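Results of the structural survey
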Amino acid sequence: MKTIKLGLAPTRRAIFSAPDAIKYANLTREKLRNMNIEFVDIDDINEEGLLYNDADRIKIAEKFKKEGVDGLFLPHGNFGTEYECARLAKDLNVPVLLWGPRDERPEPDGMRLRDSQCGLFATGKVLRRFGIPFTYMTNCRLEDPEFERGVRDFLRVCNVVKTFRDIRILQIGPRPFDFWSTMCNEGELLEKFNVQLAPVPIPELTAEIRRVKAEEADKVAAVVAYCHENMNCEIPENLLENVAALKTAMRNLADKYGAKAIAIQCWNALQDEIGIMPCAANALLNEEGLPVVCETDIHGAITQLMVEAAGMGENRAMFADWTVRHPDNENGELLQHCGPWPISVAKVKPTICVPVAFDYNGAISAEAKHGEVTLARFDGDNGEYSLLLGNAKGIEGPYTKGTYLWVEVENLKRLEAKIVEGPYIHHCVAIHQNVVPVLYEACKYIGVKPDLYDPIEEDVKAYLRGE
């Protein structure tokens, strides 16, 4: 599980009850601690532990920056000071969670102590004036289930944003000539999103493979042993050693260049050098949480990083082709690839073997587990980027080679048209988890348009509101 650090800045306004604002700030702190949420507090900034003036706001910003908070939480203990909230949020440039505890019944004499909901309306307006995207968690009680769900979903959103803003991808080789669809604009990705590529040629990889065989034989042997324990190995032992050496070499290069993911030219130059497909090595790294995608698909690597960040590391993702329609189910589709999927997603014990389209060993064959999945694809052309997004479920279907999963969607014809008409291609990422609302919400912070392939936007918004 990933750890995300919140900056907690409860706020009040002078004309409403300060004691009640302090009371609810402390109750919020207690709730977060009980939820095991890591947060940076402001109880050392002033006696009240609240945000309400500019001098303290400057100190709070300095503290939050020093502590490296990933998100800002602004509980409104009473009406709150909306412009101080906006100034703090502008200074930090992290995702913002706006919430206030539900107001009590008015006093017998007609007085109201807090008016938190009214303050949320004001702060929302001022945040918009400042051009600050924010996440609104419904005006609820601390004990209500939507509070805990909303905070935990916001942590996931913060993790996606944090991941997206710090992407460096190891690009091993150029894209295969025939794959014009995986073309990307490296300069534009850097300018728009700070996505950095670390390109290395195939000879640098093969040199590292030779080095690890000679100097890190113990690591290679450990990978070979892992493969025998966790997979059916139907390839010669010398080629299995090549799989293990390739896996070790790619990990070393990723570490050397500070990369969070890898996109590899998986065919066909590599086979002439090392005699295997890299799919099994890719799968082993994917299982460890280092995303590796095929055919030098940079946008695919970005997608996998986003999807796994939304899942907080609870499940591994699958890089797949949209391949063929189900022979019997009008809304069924085959997700398949030669074998890069992590072994933890497999329904049965995977087998290292020869893939469907090539004559080289080193791919994996296994059907993935069924159940609910999220499907996603980050892509763009002509300077515009979006995230295709939706749900599906695993279903029964004919056996096929490679790593595969038959899925059913609500309306395949609608999805098919959206993929063809773009800006998407035949690649996507799947994960056994519903992270659609989290990814949808994260898009507002990273300048990417969410593109739901089913008409579920109102349902997603309702979920995010706590309904």
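In this convention, every chain numbers its residues from 1, walking through the sequence in written order. Side-chain atom pairs in this predicted model are given and counted only at pLDDT of 80 or more, local residue features only at pLDDT of at least 70, and totals for whole chains, interfaces and linings cover all residues. Side-chain numbers here rest on the full set of heavy atoms in the structure, without hydrogens or water.

**Overview of the sheet that holds strand E10 (residues 292-293)**
Between any two strands, pairing holds if DSSP finds at least two bridges. Each helix corresponds to a stretch of at least 4 residues labelled H or I by DSSP, and each strand to a stretch of at least 2 residues labelled E; elements are numbered beginning at the N terminus. Read across the open sheet, the four strands follow the order E7-E6-E9-E10; overall the sheet is parallel. Both edges of this open sheet fall to strand E7 (196-200) and E10, since each of them pairs with a single strand only. With five bridges connecting them, strand E6 (residues 168-172) and E7 associate as parallel partners. Following the sheet pairing, Ile169 is matched in E7 by Leu197.

**Quick notes on the sheet that holds strand E1 (residues 5-8)**
Here we have five strands laid out as an open sheet, ordered E2-E1-E3-E4-E5, and parallel in their pairing. With one partner strand each, in any of the chains shown, strand E2 (38-40) and strand E5 (135-136) form the two edges of the open sheet. Sheet topology note: the strand E3 (residues 71-75)/strand E4 (residues 96-99) ladder contains four bridges and is parallel. The partner of Phe73 across the bridge, within E4, is Leu97. Helix H4 (residues 116-129) contacts E4 and E5 of the sheet and is inclined by roughly 155 degrees relative to E4. Contacts: residue pairs with any heavy atoms within 4.5 Å of one another. Here, axes are lines fitted to C-alpha atoms. For helices the fit covers the stretch in contact, and angles between N-to-C directions go from 0 to 180 degrees.

**Quick look at the nonpolar core**
Residues grouped as a nonpolar core are buried Ala, Val, Leu, Ile, Met, Phe, Trp, Tyr and Cys residues, joined through side-chain atoms within 4.5 Å. Under the scheme applied here, a residue whose accessible area is under 20% of the maximum for its type counts as buried, over 50% as exposed, and between as partly exposed, the area being computed with a 1.4 Å probe on protein chains only. Ranked by internal contacts, the top residues of the largest apolar core, which has 106 residues, are Phe147, Ile169, Leu205, Ile262, Ile302 and Phe378. Here this core gets 10 residues from one element, more than from any other, and that element is helix H9 (residues 237-257). When neighbours within four sequence positions are excluded, Ile302 is seen to be in contact with Phe164, Ile167, Ile169, Leu189, Val195 and Phe378.

**Considering helix H12 (residues 298-310)**
Its 13 residues place the ends of H12 19 Å apart at the C-alpha level, agreeing with the 18 Å of an ideal helix rising 1.5 Å per residue. Polar contacts, as used here, are pairs of N or O atoms within 3.5 Å; protein pairs need one atom able to donate a hydrogen and one able to accept it. Residues neighboring in sequence count only if both atoms are side-chain atoms. The backbone nitrogen of His299 lies 3.3 Å from a side-chain oxygen of the residue at the head of H12, namely Asp297. After H12 finishes, the residue Met312 shows a positive phi value of roughly 55 degrees. Every helix has an expected span of 1.5 Å times one less than the residues it contains.

**A short note on the packing of helix H14 (residues 436-446) against helix H15 (residues 457-465)**
Helix packing for two helices is described by the angle between their axes and how far apart those axes are. One can describe the packing of H14 onto H15 by two numbers: an axis separation of 10 Å at closest approach and a directional angle of 90 degrees. Taken together, the axes of H14 and H15 are roughly perpendicular relative to one another. Where H14 abuts H15, its residues Val436, Pro437, Tyr440 and Glu441 lie against Glu457, Val460, Lys461, Tyr463 and Leu464. Here the nonpolar group is Ala, Val, Leu, Ile, Met, Phe, Trp, Tyr, Cys and Pro; Asp, Glu, Lys and Arg are the charged ones; every other residue, Gly included, is treated as polar. Classifying every residue of the contact of H14 with H15 gives six nonpolar, no polar and three charged. Note that the term roughly parallel is reserved for angles under 35 degrees, roughly antiparallel for angles over 145, roughly perpendicular for angles of 65 to 115, and oblique for everything else.

**Regarding the state of the cysteines**
In a disulfide, the sulfur atoms of two cysteines are covalently bonded to one another. Working definition: a disulfide is two cysteine sulfur atoms within 2.5 Å of each other. In total, this model carries zero disulfides according to the counting rule given. Just so you know, Cys85 is unpaired, no disulfide at all, and the nearest cysteine sulfur is the one on Cys118, 14 Å from it.

**Some words on the packing of helix H5 (residues 145-164) against H12**
Two elements in contact, H5 and H12, have axes whose closest approach is 8 Å; the angle formed by their N-to-C orientations is 150 degrees. Taken together, the axes of H5 and H12 lie roughly antiparallel to each other. In the crossing of H5 with H12, the sense of the turn from one axis to the other is right-handed. Listed contacts from H12 to Arg156, Asn159, Val160, Thr163 and Phe164 of H5 are Ile302, Leu305, Met306, Ala309 and Ala310. Taken together, the residues that form the contact of H5 with H12 break down as seven nonpolar, two polar and one charged. A crossing counts as left-handed when the near helix is turned anticlockwise from the far one by less than a right angle, and as right-handed when that turn is clockwise.

**Points about the packing of aromatic side chains**
Think of it this way: a Phe, Tyr or Trp ring, Trp meaning its six-membered ring, pairs with another when their centres are within 6.5 Å, and the plane angle makes it stacked under 30 degrees, edge-to-face over 60, tilted otherwise. Taken as a whole, this structure holds 11 aromatic pairs when the rule is applied. Both rings, one in Phe164 and one in Phe378, keep their centres 6.0 Å apart while their planes meet at 65 degrees; by these two values the pair is edge-to-face. Of the two residues, Phe164 sits in helix H5 while Phe378 sits in strand E15 (residues 371-381), which places them 214 residues apart along the sequence. By the burial criterion, Phe164 is buried, and Phe378 matches it. Centroid distance Phe378 to Tyr385: 5.5 Å. Interplanar angle 15 degrees. Geometry classified as stacked. Accessibility classification places Phe378 together with Tyr385 in one group, the buried group. An aromatic cluster is present here, built from Phe164, Phe193, Phe378 and Tyr385 joined pairwise through their rings. Above the plane of the ring of Tyr52 lies Arg12, whose end atom (NZ or CZ) is 3.9 Å from the centre. Comment: the charge-over-ring label is applied if NZ (Lys) or CZ (Arg) is within 6 Å of the ring centre and within 35 degrees of the ring normal. Above the face of the Tyr463 ring, Arg149 is positioned so that its terminal group lies 4.0 Å from the ring centre.

**Topic: the side chain of Asn242**
Mapped onto the elements of the fold, Asn242 is located in helix H9. Relative accessible area serves as the criterion here: at 13%, Asn242 is assigned to the buried category.

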